[in-house]
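If you want the building blocks of each chain, they are given just below.
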Amino acid sequence: MKPLLCTVLVGAALASASCTKTEKKEEAVNVQTLNQQFVGAWNSKNAIQLDTLFAEDVHYIQGEAHYQGRSEVSNRWVRETMGTIANLRLSPVSTGADTQLAYEAGTFSVDVLPANPALPMGEGSGNFTLIWKKNPKGAWKLSYAQLEGLPVRARTR
């Protein structure tokens, strides 16, 4: 009887261990998809959509400019700059992502619109780094944007 009881107890323990809830494994986010949302909103001049992509504590850095917080970044970078450039293009060089953080870095290029129609259009380019973080609600938000631009060149026709 003792061996039968031991077998039953061991079997019950194994069954209990195999029935424990397994955690759902999260996959890394596709940072290119996040950046495509950003570029699409920028190129369509959709400032409201861009606002929804920013984290509350987002940082934007370019040269000596450093804006922080959704409101300041939206007003001082997006709204003040959006009307002066078009056709943002990113060329990634380095990417990385896990379940909580994603980044992409590389080069960017834009068409710089003239302040006066008599002036030529320009071409801007430089380096970028975008860092995305998952917020407590599970949504991915742009947390850090750094652009280092080269001098704008006049476009030759």
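Anything mentioned here points back to the structure above.
It should be emphasised that the depicted structure is a prediction, and the values quoted were computed from it without experimental measurement. (Residues numbered from 1 in each chain as written. Predicted model: local features only at pLDDT ≥ 70, side-chain atom pairs only at ≥ 80, totals over all residues. Heavy atoms only, no water.)

(A) The overall build of the protein, seen in detail. When helices and strands are tallied, the protein shows four helices and seven strands. The linear arrangement of helices and strands in the protein, starting from the amino end, is α-α-α-β-β-α-β-β-β-β-β. Taken across its 157 residues, the protein has 30% of its residues classed as buried. When contacts within the protein are restricted to residue pairs at least 6 apart in sequence, those whose partners lie at least 24 apart make up 56%. Counting only carbon and sulfur atoms, one obtains 58% of the accessible surface of the protein, whose full area is about 10,100 Å². (Helix = DSSP H or I, 4+ residues; strand = E, 2+ residues; numbered from the N terminus. Buried < 20%, exposed > 50% of the residue type's maximum accessible area, 1.4 Å probe, protein only. Contact = heavy atoms within 4.5 Å. Areas by Shrake-Rupley, 256 points an atom, 1.4 Å probe, with all protein chains shown as cover.)

(B) Fine view of the nonpolar core. By size, the foremost hydrophobic cluster in this structure holds 31 residues, and its most contacted members are Phe 38, Trp 42, Leu 50, Phe 54, Trp 77, Val 78 and Trp 132. When contributions to this core are tallied by element, the ones reaching two or more residues are helix H2 (31-43), helix H3 (47-53), strand S1 (54-62), helix H4 (70-81), strand S3 (85-97), strand S4 (101-112), strand S5 (122-134) and strand S6 (140-149). The element best represented in this core is H2, accounting for six residues. Look past the residues within four positions of Phe 54 in its chain and what remains in contact with it is Phe 38, Arg 70, Val 73, Ser 74, Trp 77, Val 78, Lys 141 and Leu 142. (Core = buried A, V, L, I, M, F, W, Y, C linked by side-chain atoms within 4.5 Å.)

(C) Region of interest: H4. Taking 1.5 Å per residue, 12 residues should reach 16 Å; H4 reaches 15 Å between its end C-alpha atoms and fits that length. Where H4 is concerned, the buried positions are Val 73, Ser 74, Trp 77 and Val 78. Viewed end-on, H4 has its buried residues packed into an arc of 120 degrees, placing them on one side of the element. Set apart from the buried face of H4 by more than 90 degrees, the exposed residues are Ser 71 and Glu 80. (Expected span 1.5 Å × (residues − 1). Arc of directions from axis to C-beta.)

(D) Structural context of the pairing of strand S2 (residues 65-68). Where S1 lies against S2, four bridges are found, and the strand directions are antiparallel. Counterpart to His 59 in the pairing with S2 is Gln 68. Linking S1 back to S2 in an antiparallel pair, the connection comprises two residues, with Gly 63 at a positive phi of about 60 degrees. (Pairing = 2+ DSSP bridges.)

All we've got here are geometric facts, nothing functional implied.
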